[in-house]
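# Analysis of the macromolecular model
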Amino acid sequence: MDPTKSKPTTIPEYISVAPKDAQKKLREMRAAIKTGAPGAVESLKWSMPAFSYSRILVTFAVFKNHIGFYPTPSAITAFKKDLAKYKTARGSVQFPLDKPLPLTLIKRITTFRAKELRTEDKKWKG
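Below is a short write-up of the structure. (Residues numbered from 1 in each chain as written. Predicted model: local features only at pLDDT ≥ 70, side-chain atom pairs only at ≥ 80, totals over all residues. Heavy atoms only, no water.)

### Focus: the sheet that holds strand S1 (residues 41-45)
Stated precisely, the cut-off is as follows: Any two strands between which DSSP finds at least two bridges are classified as paired. In this description a helix means any DSSP run of H or I spanning at least four residues, a strand means any run of E spanning at least two, and both kinds are numbered starting from the N terminus. Angles run from 0 to 180 degrees between N-to-C directions of axes, and those axes are lines fitted to C-alpha atoms, restricted for helices to the stretch in contact. What makes two residues a contact is simply this: any of their non-hydrogen atoms within 4.5 Å.
If you trace the six strands from one edge of the open sheet to the other, you get S1-S2-S3-S4-S6-S5, paired in antiparallel fashion. The open sheet has two edge strands, S1 and strand S5 (87-89), and neither has a second partner. Sheet twist, expressed as the average angle between the axes of neighbouring strands with direction ignored, equals 20 degrees. Note that strand S4 (residues 66-70) and strand S6 (residues 92-96) share four bridges and pair antiparallel. The residue of S6 that forms the bridge with Gly-68 is Gln-94. Here helix H2 (residues 20-36) sits on the sheet and contacts S1, strand S2 (48-52), strand S3 (56-62), S4 and S6; the angle it forms with S3, its principal contact strand, is near 175 degrees.

### What about the pairing of S3?
Put simply, the rule reads: Three labels apply to residues, based on accessible area from a 1.4 Å probe with only protein chains included: buried if under 20% of the type maximum, exposed if over 50%, partly exposed otherwise in between.
Most of S3 is tucked away, with six of its seven residues classed as buried. Bridge count for S2 against S3 is three bridges, and the pairing is antiparallel. Across the sheet, residue Ala-50 finds its bridge partner in S3, namely Thr-59. Once S2 ends, the chain turns through three residues before running back antiparallel as S3. Note that S3 and S4 share four bridges and pair antiparallel.

### Remarks on the pairing of S1
By the bridge criterion, five bridges tie S1 to S2 in an arrangement that is antiparallel. When the bridges of S2 are listed, Ser-43 appears paired with Ala-50. In textbook terms, the turn of a hairpin is the stretch between consecutive antiparallel strands, and for S1 and S2 this stretch comprises two residues, one of which, Trp-46, has a positive phi near 55 degrees.

### Observations regarding H2
To be explicit about the condition: A helix is expected to span 1.5 Å for every residue after the first.
In a regular helix each residue adds 1.5 Å, so 17 residues correspond to 24 Å; H2 covers 25 Å between its end C-alpha atoms and thus fits that length. Among the residues making up H2, those that are buried are Ala-22, Gln-23, Lys-25, Leu-26, Met-29, Ala-32, Ile-33 and Gly-36.

### Section: the environment of Thr-10
What counts is decided by this rule: Whenever a nitrogen or oxygen atom comes within 3.5 Å of another N or O atom, the pair is scored as a polar contact, on the condition that within protein one atom can donate a hydrogen and the other can accept it, and that pairs from neighbouring residues in sequence are kept only if both atoms are in side chains.
Looking at where Thr-10 falls in the secondary structure, it is placed in the segment before helix H1 (11-17). With 37 residues separating them along the chain, Thr-10 and Ser-47 place their C-alpha atoms 9.5 Å apart. Separated by 3.1 Å, the side chain of Thr-10 and the backbone nitrogen of Glu-13 make a polar contact.

Everything listed is a geometric property; what it means functionally is a separate question.
What follows is the structure in C-alpha cells.
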C-alpha cells in the first residue's frame, strides 16, 4: 500500500489498494469466508480484513508472496492434514499467490470457526 494514501476502512477498500495481481485472490478469499460464515460482520482489525460474530472468526492479509489466513490455533490443529502442503504457524497459514487458493478448505475452516465460536459462547452464557 502507498503510505501517502489514507488507510482503507472497509474490506473492499483494502482489496482495491492491494497489488493488482492479488486482488482477484482477495475477492475469492472474501467470498469463501462469507459462504462459510453467513451473516458475519466484515471489518478491518489490525489493518486486516476480519469477519466476526460476537468475536473474531478469521482474518486475512496480503503480503508480497502470499495471502496470510488467520483462523486461530484451534483451526490450524483441526485441519492439520489438509494444511500440510502449506506453510503454517500456531494460528496462521500462508497461501502462495502463485497457486490457486483452496477455496473449499477456506470455507470449511471458516465454518469450523463459526461453530466453535457458537459453542464457546453457549458455555459462557450458560
